[in-house]
Amino acid sequence: GVGAMAALPVAAPFLLTAPEPFMRAVGLYGERPLHFESQLGAVVLALEGPAALVRSYGSSNVMTPLWLGRLADLSLLVGTLAFAGAALRAGGALRRASEEERSSVVIGWVFAALVVILCLSKVLSPQFLIWLLPLCAVFAGRHGRWLFVLTLLTTALTHLFIGAGFHRASQQPGSVFALGMLLTRNAMLLLVAALAVRMAVVSCPMSRR
């Protein structure tokens, strides 16, 4: 809700002056194919090979059946709504918690939501991982340190992939080594998501009763 209220003043002038081009620009996300760096796109690239690559929408993507693209859109929508519902349910248990405890839990859920969205999105540009860095350093305890280190390793591998493997993986005939780096990065991001969700759930006072 807060996100919608923040976006409305930005979108309002364009909706009023040029609604059709604005909605068409927003709809481009739904029309574009799977980005080859995304979780599902990298799997398709690994299964289909470099022949599946196509250059469109300003990025390297993979050609897939229409239903697979729609499934990716639906997964992001359903996954985000489910996660929001879980976060709201957890928020109900924070009314009697201290301010410090509430802040810790909220940051944990925000971080977990960001990672889940990155994993479900059909576009996963490398700069998106920057969003995780300010949040991954605030978790306490042994699991928090593991999450911090794993997030840094994921971003470091992304940096190496962009420098050494991006052009090999995004062009035909491609490179097995570059594809391996991409799949490893995506697997690490999934691990970060799993650990972040677990920490968000465990940090909720309701789960410790």
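Parameters at a glance
- Residue numbers run consecutively from 1 along every chain, following the written order of its sequence.
- Only residues with pLDDT of at least 70 get local features here, since the model is predicted, and only at 80 or more are side-chain atom pairs given and counted; chain-wide, interface and lining totals rely on the full set of residues.
- Side-chain descriptors were evaluated using all non-hydrogen atoms of the structure, hydrogens and water having been removed beforehand.
- For Phe, Tyr and Trp, where Trp contributes only its six-membered ring, two rings pair if their centres lie within 6.5 Å, and the inter-plane angle classes them as stacked under 30 degrees, edge-to-face over 60, or tilted in between.
- The cut-offs for exposure are 20% and 50% of the maximum accessible area for each residue type, with area from a 1.4 Å probe on protein chains only; residues under the lower value are buried, those over the upper are exposed, and the others partly exposed.
- The set of buried Ala, Val, Leu, Ile, Met, Phe, Trp, Tyr and Cys residues whose side-chain atoms join them within 4.5 Å is what this entry labels a nonpolar core.
- Counting from the N terminus, the helices are the DSSP runs of H or I reaching at least four residues and the strands are the DSSP runs of E reaching at least two.
- Strands pair, by our definition, only if DSSP identifies at least two bridges between them.
- Should any heavy atoms of two residues lie within 4.5 Å, those residues are counted as being in contact.
- Salt bridge criterion: a side-chain nitrogen from Lys or Arg within 4 Å of a carboxyl oxygen from Asp or Glu.
- In this scheme, a helix's expected span is set at 1.5 Å multiplied by one less than its residue total.
- Fitting axes to the seven residues that end at a residue and to the seven that start at it, the angle between those axes gives the bend at that residue.
- Two joining distances apply to patches: 9 Å for like charges and 5 Å for nonpolar side chains (Val, Leu, Ile, Met, Phe, Trp, Tyr), and every residue must have over 30% relative accessible area and no salt bridge.
- Note on areas: Shrake-Rupley, 1.4 Å probe, and residue coverage restricted to the protein chains presented here.

Novice: Can you tell me about the packing of aromatic side chains, naming the residues and giving the values?
Specialist: Using the criterion set out here, one finds four aromatic pairs in the structure. Here F14 and F22 contribute two aromatic rings whose centre-to-centre distance is 6.2 Å and whose plane-to-plane angle is 10°, an arrangement assigned as stacked. F14 sits in the partly exposed class, given a relative accessible area of 45%. Residue classification places F22 among the partly exposed residues on the basis of a relative accessible area of 23%. Measuring from ring centre to ring centre gives 4.9 Å for F128 and W131, while their planes differ by 15°; the resulting arrangement is stacked.

Novice: Please give an account of the nonpolar core that cites residues and values.
Specialist: With 42 residues, the main nonpolar core has F36, V62, F111, V115, L147 and L189 as its most contacted residues. Secondary-structure elements contributing two or more residues to this core are α3 (39-48), α4 (66-91), α5 (99-120), α6 (133-136), α7 (141-169) and α8 (176-203).

Novice: Can you lay out the pairing of strand β2 (residues 53-56) for me, pointing to particular residues and giving the numbers?
Specialist: Relative to strand β3 (residues 59-62), β2 is paired through four bridges, and the arrangement is antiparallel. Paired with L53 across the bridge in β3 is V62. Connecting β2 to the antiparallel partner β3 that follows it, the hairpin turn spans two residues, and Y57 within it adopts a positive phi of roughly 55°.

Novice: Got a sec to walk through the environment of L150? Specific residues and values, please.
Specialist: Counting through the fold element by element, L150 comes out in helix α7. In contact with L150, other than residues within four places in its own chain, are M188, L191 and V192.

Novice: Lay out the pattern of salt bridges with the relevant residues and their values.
Specialist: For the structure shown, the criterion picks out three salt bridges. In this structure, R24 engages E20 in a salt bridge whose closest nitrogen and oxygen atoms are separated by 3.8 Å. Residue R24 and its partner E20 are both found in helix α2 (residues 19-31); the two are separated by four residues, about one turn of the helix. When its relative accessible area of 47% is taken as the criterion, R24 is described as partly exposed. What makes E20 exposed here is its relative accessible area of 59%. Among the charged side chains, a salt-bridge network with shared partners connects R70, D73 and K122.

Novice: Would you mind going over α3 in detail, with residue names and values included?
Specialist: Among all positions of α3, only Q39, G41, A42, V44 and L45 are buried. At the exit of α3 stands G49, carrying a positive phi of roughly 90°.

Novice: Describe helix α1 (residues 2-17), with residues and values.
Specialist: The terminal C-alpha atoms of α1, which comprises 16 residues, lie 24 Å apart, in line with the 22 Å expected from a rise of 1.5 Å per residue. Of all bends in α1, the biggest is about 45°, found at A11, and the proline P13 comes one to four residues later. Little of α1 is tucked away, with one of its 16 residues classed as buried.

Novice: Go over a nonpolar patch on the surface, please, and point to the residues and values.
Specialist: Taken together, the side chains of W67, L71, L74, L77, V78 and L81 present a nonpolar region at the surface, about 630 Å² in accessible area. Note on placement: L77 falls in helix α4.

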